[in-house]
Amino acid sequence: MKKNLQILLGVRTWNPGTSPYKNIEILLPIAPRPQTPEDTLWKLNNPWLEGFVLPWVKTLRLTPGKITAVGMELRYFRSGKIQYERISLYIQANEDLPFDEKVYQLRISQMGANFRSYFLRALTTLPAYAYVIRIQDYYPSFVEEARTWMKLLRERKEFPLPAQLILEHDEGRAPLPQ
């Protein structure tokens, strides 16, 4: 029973295993998101949109709507290593809806070889404006907090408890962590 009973995993916990890790999801906005209309830095991700997202989306069958963001799930190991697991697309199906939704998700290992190699190269060469939307079972409340978590992830610093997080103004435009 202990094996199947799992309590909530916060930002300070590690998943057990030979290499303890945290599940983290980051978001790379590529258009205005209805949930965060005050966030206008999405324009900084035009190189990602033109060089990776649009060519990749042309090969997919998606529901109609405006693509607003790319999500990336990763494992952050205690050693500081980061392993990207999945990539997803967020779409706002209708201009009147006050939210966008995840409509497509794919394991990085299942991407076509050319898109996978471009994605991995883009991680190191293209600056990206991104922020954390989930750490384990914790979801940041607002964009400023999410950008601060991203700064800590890029610096590979130990995550504090959310109540002890000191918000820093950081645009977050740097290559994504490797």
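A brief report on the enclosed structure follows.

Rules and cut-offs
Residues numbered from 1 in each chain as written. Predicted model: local features only at pLDDT ≥ 70, side-chain atom pairs only at ≥ 80, totals over all residues. Heavy atoms only, no water. Helix = DSSP H or I, 4+ residues; strand = E, 2+ residues; numbered from the N terminus. Buried < 20%, exposed > 50% of the residue type's maximum accessible area, 1.4 Å probe, protein only. Contact = heavy atoms within 4.5 Å. Areas by Shrake-Rupley, 256 points an atom, 1.4 Å probe, with all protein chains shown as cover. Lys, Arg positive; Asp, Glu negative; His and termini not counted. Charge placed at Lys NZ, Arg CZ, Asp CG, Glu CD. Core = buried A, V, L, I, M, F, W, Y, C linked by side-chain atoms within 4.5 Å. Pairing = 2+ DSSP bridges. Axes fitted to C-alpha atoms, helices over the stretch in contact; angles between N-to-C directions. Salt bridge = Lys/Arg side-chain N within 4 Å of Asp/Glu carboxyl O. Phe/Tyr/Trp six-rings, centres within 6.5 Å; stacked < 30°, edge-to-face > 60°. Lys NZ or Arg CZ within 6 Å of the ring centre and 35° of its normal.

## Concerning the overall build of the protein chain
- Check the secondary structure of the protein chain and you find three helices and seven strands.
- Order of helices (α) and strands (β) in the protein chain, N terminus to C terminus: β-α-β-β-β-α-β-β-α-β.
- Once the C-alpha set of the protein chain is aligned to its principal axes, its extents read approximately 45 × 35 × 35 Å.
- When burial is assessed residue by residue, the protein chain has 46% of its 178 residues classed as buried.
- Nonlocal contacts in the protein chain, meaning residues at least 24 apart in sequence, comprise 63% of its contacts between residues at least 6 apart.
- Of the accessible surface of the protein chain, which amounts to about 9,700 Å², a share of 54% is contributed by carbon and sulfur atoms.
- Averaged over its 24 positive side-chain charges, the protein chain has a centre that lies 10 Å from the centre of its 18 negative ones.

## Here's the deal with the nonpolar core
- Counting residues in each nonpolar core, the largest one holds 42 residues, and the members touching the most others are I26, W48, M72, Y84, I87 and L176.
- Mapped onto this core, the elements with two or more residues apiece are β1 (21-29), α1 (46-57), β2 (66-77), β3 (82-92), α2 (113-125), β6 (131-135) and α3 (143-155).
- Residues within four places of I26 in sequence aside, it is in contact with V70, G71, M72, L74, Y84, Y131, V132, I133, M150, L153 and L176.
- Listed in part, the eight residues of the second largest apolar core include L41, A69, Y90 and Y131.

## Quick notes on the sheet that holds β2
- Here five strands make up an open sheet; going across it, the order is β4-β3-β2-β1-β6 and the pairing antiparallel. In the strand order of this sheet, the two ends are held by β4 (101-107) and β6, each with one partner. Along the sheet, successive strands turn relative to each other by an average axial angle of 30 degrees, direction set aside.
- In the sheet, β3 pairs with β4 via six bridges, with the strands oriented antiparallel.

## Description of the pattern of salt bridges
- Within this structure, the stated rule accounts for twelve salt bridges.
- Put simply, E158 and R12 hold a salt bridge, and the shortest N to O gap is 3.8 Å. Of this pair, E158 sits in the loop between α3 and β7 (173-174) while R12 sits in the segment before β1; the two residues are 146 residues apart in sequence, bridging distant segments of the chain.
- Using a relative accessible area of 41% as the deciding quantity, one classes R12 as partly exposed.
- Between E144 and R147 there is a salt bridge, and its shortest N-O distance comes to 3.2 Å. Within this pair, E144 and its partner R147 are both found in helix α3, separated by three residues, close to a single helical turn.
- Of the residues examined, E144 reaches a relative accessible area of 25% and is grouped as partly exposed.
- Judged by its relative accessible area of 7%, R147 is buried.
- Salt bridges here are not isolated pairs; linked through shared partners, they connect E25, E73, R86, K102 and R134.

## Quick look at the packing of aromatic side chains
- Inspection of the entire model under this criterion finds 13 aromatic pairs.
- Note on W48 and F119: the rings are 6.4 Å apart at their centroids and 70 degrees apart in plane angle, and the pair reads as edge-to-face. With a gap of 71 residues between them, W48 in helix α1 and F119 in helix α2 connect regions that are remote in the sequence. There is no split in this pair, since W48 and F119 are both buried.
- Ring plane angle 15 degrees and centroid distance 6.0 Å describe the contact between F52 and Y118, whose orientation is recorded as stacked. You can see F52 sitting in helix α1 and its partner Y118 sitting in helix α2, a full 66 residues away along the chain.
- Within the aromatic cluster, the residues linked to one another by ring pairs are W48, F52, W56, Y84, Y104, Y118 and F119.
- The ring of W14 is capped by K22, whose NZ or CZ atom sits 4.5 Å from the centre of that ring.
- In this structure, R33 is placed above the aromatic ring of Y90, and the distance from its NZ or CZ to the ring centre is 6.0 Å.

## A short note on the pairing of β3
- A large share of β3 lies buried, amounting to nine of its eleven residues.
- As defined by bridge partners, β2 adjoins β3 across ten bridges and the pair is classed as antiparallel. When the sheet's bridge partners are listed, E73 is paired in β3 with R86.
- Count of turn residues in the β2/β3 antiparallel hairpin: four residues, of which G80 carries a positive phi of about 100 degrees.

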